[in-house]
Amino acid sequence: MNLNPFRLSPQTLRRSRPWAVLLSLAAALLTWELVSRFSGLPSFILPAPEQVAVRFWRALNEDNLLLHTAVTLSEILLGLLTGTLAAVGLGYAVAKSRTFERLAAPYLVASQAIPVVAIAPLLVIWFGPGMFSKVLICALIVFFPVLVNTVVGVRAVPRALHDLMRSLRATRGQIIRLLEVPAALPVLLGGLRIGATLSVIGAVVGELVGADRGLGFLINTARGLYDTALVFVAVFTLIALALALYGLVAGLEKKFLSWQESHE
Amino acid sequence: MEPILTVRELSVTFPDNNGGLEALGSASFEICPQEFVCLLGPSGSGKSTLLRVLAGLLRPTGGDFVFAGGQPKIGMVFQQANLMPWRTALENITLPLELENVPPDERRARALELIELVGLTGFEDARPRDLSGGMAQRVAIARALIHDPDLLLLDEPFGSLDALTRERMWSELSRIWQARRKTVLMVTHSIGEALFLADRVLVLSQRPGRIKLDLAVDLPRPRTDEVRYTAHFGRLARKLKEAIE
Ligand SMILES: Nc1ncnc2c1ncn2[C@@H]1O[C@H](COP(=O)(O)OP(=O)(O)OP(=O)(O)O)[C@@H](O)[C@H]1O
Ligand SMILES: [Mg+2]
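Residues numbered from 1 in each chain as written. Chains lettered and ligands numbered in written order. Predicted model: local features only at pLDDT ≥ 70, side-chain atom pairs only at ≥ 80, totals over all residues. Heavy atoms only, no water.

(A) The arrangement of the coordination of the magnesium ion (ligand 2) in detail. Residues and elements named next belong to chain B. Within the protein, the magnesium ion (ligand 2) binds to Ser-48 (OG) and Gln-79 (OE1); these donor distances fall in the range 1.9 to 2.3 Å. One end of the pair, Ser-48, is in helix α1 (residues 47-54); the other, Gln-79, is in the loop between β5 (74-77) and α2 (89-99), with 31 residues separating them in the sequence. Classification of Gln-79 as partly exposed rests on a relative accessible area of 39%. (Donors = N, O, S within 2.8 Å, 3.2 Å for Na, K, Ca; no water. Helix = DSSP H or I, 4+ residues; strand = E, 2+ residues; numbered from the N terminus. Buried < 20%, exposed > 50% of the residue type's maximum accessible area, 1.4 Å probe, protein only.)

(B) Inspection of the site of ligand 1 at higher detail. Residues and elements named next belong to chain B. Around ligand 1 lies a shell of 14 residues, among which Ser-43, Lys-47, Ser-48, Thr-49 and Gln-79 are the nearest. Within the side chain of Ser-43, an N or O atom sits 2.5 Å from an oxygen atom of ligand 1. Between an oxygen atom of ligand 1 and a side-chain N or O atom of Thr-49, the distance comes to 2.5 Å. Protein contact buries 67% of the 630 Å² of open area that ligand 1 shows by itself. Where the shell around ligand 1 is concerned, the elements lending two or more residues are β2 (21-31) and α1. Broken down by element, the residue count for the shell around ligand 1 peaks at 3 residues, all from α1. Among the residues making up the shell around ligand 1, the classes are represented as 3 nonpolar, 8 polar and 3 charged. (Near = heavy atom within 4 Å. Polar contact = N/O pair within 3.5 Å; in protein donor to acceptor, adjacent residues only side chain to side chain. Areas by Shrake-Rupley, 256 points an atom, 1.4 Å probe, with all protein chains shown as cover. Nonpolar A, V, L, I, M, F, W, Y, C, P; charged D, E, K, R; others polar.)

(C) Quick peek at the environment of Ile-93 of chain B. One can find Ile-93 of chain B in helix α2. Here the alpha-carbon distance between Ile-93 of chain B and Glu-124 of chain B, two residues 31 residues apart in the chain, equals 9.5 Å.

(D) Summary view of the interface of chain B and chain A. Each partner contributes to the interface: chain B provides 23 residues, whereas chain A provides 22 residues. Carbon and sulfur atoms make up 61% of the area that chain B and chain A hide from each other, which totals about 2000 Å². Three residues stand out in chain B for area buried against chain A, namely Trp-86, Leu-99 and Arg-129 of chain B, and they jointly supply 35% of the buried area on that side. Our count for the contact surface shared by chain B and chain A stands at 1 salt bridge. (Contact = heavy atoms within 4.5 Å. Buried area = accessible area lost by both parts, 1.4 Å probe. Salt bridge = Lys/Arg side-chain N within 4 Å of Asp/Glu carboxyl O.)

(E) The arrangement of the pairing of β2 of chain B in detail. Residues and elements named next belong to chain B. Inspection of the sheet shows strand β1 (residues 5-14) paired to β2 by 7 bridges, in the antiparallel sense. Bridge pairing in β2 places Leu-5 opposite Ile-31. The antiparallel hairpin formed by β1 and β2 contains 6 residues in its connecting segment, where Gly-19 sits at a positive phi of about 80 degrees. (Pairing = 2+ DSSP bridges.)

(F) Broad picture of the sheet that holds strand β8 (residues 200-204) of chain B. Residues and elements named next belong to chain B. Taken in spatial order, the 6 strands line up as β5-β6-β7-β3-β8-β9 in an open sheet, and their pairing is mixed. The open sheet has two edge strands with one neighbour each: β5 and β9 (211-216). Here the strands of the sheet are splayed against their neighbours by 15 degrees on average, with no regard to which way each runs. In this structure, strand β6 (residues 151-155) lies alongside strand β7 (residues 183-187), joined through 5 bridges in parallel fashion. Paired with Leu-152 across the two strands is Val-184, which belongs to β7. Strands in contact with α1 are β3 (36-40), β5, β6, β7 and β8; relative to β6, the strand with the most contacts, it is inclined by about 155 degrees. (Axes fitted to C-alpha atoms, helices over the stretch in contact; angles between N-to-C directions.)

(G) Seen up close, the sheet that holds β2 of chain B. Residues and elements named next belong to chain B. In spatial order, the strands read β2-β1-β4; together these 3 strands make up an open sheet with antiparallel pairing. Pairing within the sheet leaves two strands with one partner each, and these edge strands are β2 and β4 (62-67). For this sheet, the mean inter-axis angle between neighbouring strands, taken without regard to orientation, is 20 degrees. Sheet contacts for α1: β1, β2 and β4; angle to β1, the most-contacted strand, approximately 120 degrees.

(H) Just the confidence of the model for chain A, in detail. Here chain A shows a mean pLDDT of 89. Residues at 70 or above account for 92%. Per-element confidence in chain A is highest for helix α8 (residues 159-167) of chain A, whose mean pLDDT is 95, and lowest for helix α1 (residues 10-15) of chain A, whose mean pLDDT is 64. (pLDDT = per-residue confidence, 0-100.)

(I) Molecular detail of the packing of aromatic side chains. All names here are of chain A. Per the stated rule, a full pass over the model turns up 10 aromatic pairs over all chains. A centroid spacing of 5.5 Å and a plane angle of 20 degrees characterise the contact between Trp-32 and Phe-232, whose relative ring orientation is stacked. Here the residue Trp-32 occupies a position in helix α2 (residues 18-38), and Phe-232 occupies one in helix α11 (residues 228-256), the gap between them amounting to 200 residues. For Trp-32, a relative accessible area of 17% puts it in the buried group. Accessibility expressed as a relative area gives 22% for Phe-232, which makes it partly exposed. (Phe/Tyr/Trp six-rings, centres within 6.5 Å; stacked < 30°, edge-to-face > 60°.)

(J) Layout of helix α7 (residues 131-155) of chain A. All names here are of chain A. The end-to-end C-alpha distance of α7 is 35 Å, a good match for the 36 Å that 25 residues give at a rise of 1.5 Å each. At Phe-143, α7 is bent by approximately 35 degrees, the largest bend along its length, and proline Pro-145 sits one to four residues beyond. Burial within α7 is extensive, with 18 of its 25 residues counted as buried. (Expected span 1.5 Å × (residues − 1). Bend = angle between axes of the 7 residues up to and from the residue.)

(K) View of the packing of helix α10 (residues 215-224) of chain A against α11 of chain A. Residue and element names in this part refer to chain A. In the contact formed by α10 and α11, the axes pass within 8 Å of each other and the chain directions differ by 160 degrees. Compared by their axis directions, α10 and α11 come out roughly antiparallel. Remark: the crossing between α10 and α11 carries left-handed chirality. Contacts from Leu-215, Leu-218, Ile-219, Ala-222 and Arg-223 of α10 reach α11 at Leu-230, Val-231, Ala-234, Val-235, Thr-237, Leu-238 and Leu-241. Classifying every residue of the contact of α10 with α11 by side-chain character gives 10 nonpolar, 1 polar and 1 charged. (Parallel < 35°, antiparallel > 145°, perpendicular 65-115°, else oblique. Left-handed = near helix turned anticlockwise from the far one by under 90°.)

In C-alpha cells:
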C-alpha cells in the first residue's frame with residue numbers, strides 16, 4: 001500500500017498521458033526562458049534554456065560528455081549488480097535460517113544506520129579516486145533496501161506451496177528455481193526499483209567527493225569554473241540516466257509480472 | 001495381501017499455550033496395495049493432519065508408519081487448490097513432470113490429455129486468478145495424477161465442485177484407479193461419496209482423532225447410480241452415520 005500519489009511507479013507513469021507530459025514540459029521550459037530573460041540574473045547563476053542546449057552540444061564535442069556518462073553509468077550498473085547480488089544472497093540466508101538471522105541482524109540494523117553519504121569520503125580515501133570506490137558506495141547504498149525486500153519476499157512464499165513442492169520430492173534447487181524465485185520476484189523487483197534510483201545518488205556522491213571522471217566530476221569542475229550551463233547539462237544527463245534505469249526495471253516488471261497485472 | 005502402508009499408533013500434538021493441541025491421537029490402520037480407502041470424520045478430527053504426515057510434510061509426535069517397498073511416489077490434492085499464480089493452468093499441471101525432468105513436449109501432451117479428462121479444455125492458458133474455485137480444484141486434481149503416482153492422497157478433492165461435475169469426477173477417478181491400479185486415501189465429508197468410491201471407509205473420532213470404525217464396502221463394481229438406491233447401500237450409510245455422530 002502506497003499512499004503517495006506522486007511516487008515514481010509504473011501505475012503513475014501509466015496514468016500520465018503523453019500530451020499532458022509534453023504540455024507541462026513546454027510550460028516549464030517557457031517559465032525558465034522568461035525568468036532567465038526578464039529577471040536580470042547573470043547566466044552563471046541561471047543560464048537560459050538555449051544556452052544549456054548549446055553547451056550540451058559543445059560538451060559532447062569538447063568535454064567528453066559521453067565518456068563521463070559512460071563512466072558514471074558503469075559505476076551505477078556495477079554497483080547495482082554487486083549490491084543486488086550480495087543483498088539477495090544474504091537476504092535469502094536471513095530469510096531461511098533463524099540462526100543466521102540472529103547472527104546477522106545486529107550488523108544489518110547497524111549497517112542501515114550508517115549514512116553511506118557520510119562515509120563516502122572515507123571510502124574514497126581508502127580505495128582511491130578511481131571507479132572502485134564509487135562502485136562500492138553504490139553497492140552499499142543499494143544493499144539494504146534490496147536485502148529487506150528479499151527477506152520479505154522469500155518469507156512471504158505461501159507455506160502451502162512449499163508443502164506441494166515437498167510432497168513432490170522437489171530438490172532444494174528446484175524449490176528455489178520454480179517456487180521461491182518466481183514467488184518472491186514482485187517484492188524483489190520492487191526493491192530493485194528503489195535500489196536503481198539510489199545507485200544513481202551513490203555514484204554521484206562518490207564522484208563529488210573525489211574522482212577524475214564521471215558526471216559528478218564534471219559538475220565539480222564546471223562549478224569551479226562558474227560554467228553553470230555545464231552543471232545543468234550534467235544534471236539533465238543524470239536525470240535521463242535515472243529515468244532510463246527506472247524504465248529498465250519497469251520493463252523487467254512488465255515482462256515477468258504480467259501474471260499479476262490486475263492486482264496492481 | 002501384504003499391506004503397502006502400515007500405520008501404528010500415530011499421534012500428532014501441535015504445540016500451543018496450554019500443554020499442546022492433540023490433533024491426532026493414536027491412529028492405527030493398514031492399507032493394501034491398490035485399495036481405495038476413504039477417511040471420514042468430524043471437522044478438526046485430524047484428517048488433513050494425517051495426510052500431511054503420510055506425505056512426509058509433518059513429523060508425527062508419536063507412533064510410526066511404514067511403506068512396504070520404500071517411499072512411494074505421491075500425488076496429493078490439498079484441501080485448497082494450491083496453484084502457483086504465476087503459472088497457467090497447463091503449466092501448473094505439468095509441474096510434477098518438470099520436477100522429474102520429463103521433456104517439454106511429453107509434458108504438454110500428457111497435460112492436455114488430463115485437461116480434457118477434468119473438463120478444462122480451452123482453459124489451458126488461463127491463470128489461476130481467472131479460474132473459479134471448482135476449476136482451480138480440477139487443475140489441482142489433474143496435477144496430482146499427471147506423474148502417475150503410486151499413492152494418491154486426496155483431501156476433500158471434490159468439495160468445491162458442483163454436484164454434476166462431482167459425480168463425473170467420481171466415475172473418472174474410479175476409472176483411473178481401476179485402470180492404473182493405484183492406492184488411494186481420500187478424505188471426504190460425504191458418506192455417499194465414500195460409499196460410491198471406496199473399498200473401505202475409516203471413520204475418525206472427535207479430536208483427538210482415533211480410528212472409530214473400519215468398514216469394508218462390499219458393494220459390487222463397477223458402481224453406477226443404481227447402487228445408491230440399494231438396501232445394502234442404505235445399511236452401510238446408516239452405520240457410517242452412526243459412527244460419525
Ligand atoms: N499447523 C498447525 N498448528 C497448530 N494446530 C494445527 C495445525 N494444523 C492443524 N491444527 C489443528 O489440528 C486439528 C486438526 O486439524 P486438521 O486440519 O487435521 O482437521 P481436519 O480433520 O482436516 O478438519 P476439516 O474437516 O475441517 O478439514 C485442528 O484443531 C487444527 O486447529
Ligand atoms: Mg482438513
